Amino acid sequence: MNPNIRKLCAIAAKPARRIIGLMSGTSFDGLDIALCEFTGSGHETGIRLLKFVTRSYTPTFKEQLKSVFARQEANLERITLLNAYIGAYYARLINDCLAEWNLDAADIDLVASHGQSIFHSPKHQRPPDEYGNATLQIGDADHLAVNTGIITVSDFRQKHIAAGGEGAPLAVYGDYLLFSAKTENRIMLNIGGIANFTWLPARAAQTETCFSTDAGPGNTLMDQFVQASFPGRYYDKDAEIGSKGRIDEPLLAALQDHAFFKAPFPKTTGPELFNLDYLRTALKKRATATEMTPAENATPYDIMATLARFTALSIIDAIESALKDAKSLKHKNDFEIYISGGGMYNPLVLRHLETHFGKKLRSTADLDIHPDAKEAVLFALLANETIAGSPKISMGKISFPM
């Protein structure tokens, strides 16, 4: 037997597994690195988050990623180079963390790497063609495994597509195993570049299944607008810009005017749709509807305020629409919302959500998972399931160090 196969079998049989989960989102902030310890699998999964850190990307590296991200046309040579480079780069960051944590590669059983998304193309977002759903993440895991000496599981989204899904959101599997409760209906809301949520009806009266869906733009439109309009800034820290503006209702109506919001659940989307071109189109619609020029009476501060409202309303409308027939709800707001992702730090978006639902949004920290670490933890959990769990949740490709 190949020694790597023998080692993998031994890892699967261990009473506890140490897995490093990696996540790099569409905001390009940096690499989230979560060291987790798992016991069991499936409904018997136990987890401890042992270490967590985010390693920030340099401005130069961010620009390299942006040059190939969500573009109909991109430099193929750069994509090829970045695919290998990112895998080796992730490995260096992991090795640095292990040194800081006084750990060796031998102390870690697996690495679970999401990779870097560069294009997401669900079929519903394209004109009719012969192709199905598709997505692409780069950051080759062989480079990661060889340079860390740790077996690596990666490229999780392809199995979901092969089985008939859209490749996202994958959070439903981890959310269900880690966060479903006996007596509390829960919504696990993640506001990253795209906003998505998982509906977890209480297990004690579970009359419908849980599911996960994208809701619409999270931070992506706001971040892109800030970067284009306020040089030197990557995002609207503490909603400083948006809080100075007013909501432009005609622009908001134009932003909401898209078939995506009427599509059935579950559904996925990405910055391939929600980008500055989308905003420019909405500004033109606004101008036509109001007989104003695209920018007349709409300052950059007003546009930011409107984009924050757009993000919040997309989430609100999606939750209410998705749950309108939920049998486990005793009343309309009979659920708790647990939030994670960078959008949770935008007080303007948060205020819109809390005002509408009439309740304080809680953080996944209340469920013992750092909200910034949640997505990295969920990919670590998927790796645990792939190696030691049920074939029903078996995703990812396995790369051996040698």
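Computed from a prediction, not measured in an experiment: that's the story for all the values here. (Residues numbered from 1 in each chain as written. Predicted model: local features only at pLDDT ≥ 70, side-chain atom pairs only at ≥ 80, totals over all residues. Heavy atoms only, no water.)

## Overview of the sheet that holds strand β7 (residues 186-191)
Working definition: the strands of a sheet are paired by backbone hydrogen bonds and lie parallel or antiparallel to each other. Sheet architecture is open: 5 strands sit in the order β9-β8-β7-β10-β11, paired in mixed fashion. Unpaired on one side and paired on the other, β9 (211-217) and β11 (362-363) mark the two borders of the sheet. Inspection of the sheet shows strand β10 (residues 336-340) paired to β11 by 2 bridges, in the parallel sense. Its bridge partner being in β11, isoleucine 339 is matched across the sheet by serine 363. On the sheet, helix α6 (residues 171-179) packs against β7, β8 (194-200) and β9 and is oriented at approximately 45° with respect to β8. Sheet strands touched by helix α10 (residues 300-322): β7, β8 and β9. Its angle to β9, the strand with the most contacts, is close to 150°. (Pairing = 2+ DSSP bridges. Helix = DSSP H or I, 4+ residues; strand = E, 2+ residues; numbered from the N terminus. Contact = heavy atoms within 4.5 Å. Axes fitted to C-alpha atoms, helices over the stretch in contact; angles between N-to-C directions.)

## Looking at unusual backbone geometry
Between alanine 168 and the following residue, proline 169, the backbone shows a cis peptide bond with an omega angle of -20°. Among the secondary structure elements, proline 169 is positioned in the loop between α5 (157-162) and α6. That bond from phenylalanine 265 to proline 266 is cis: its omega, -10°, falls within 30 degrees of zero. Note on placement: proline 266 falls in the loop between α8 (249-255) and α9 (276-290). Here the phi dihedral of phenylalanine 28 falls at roughly 60°; this positive angle occurs in a residue that is not glycine.

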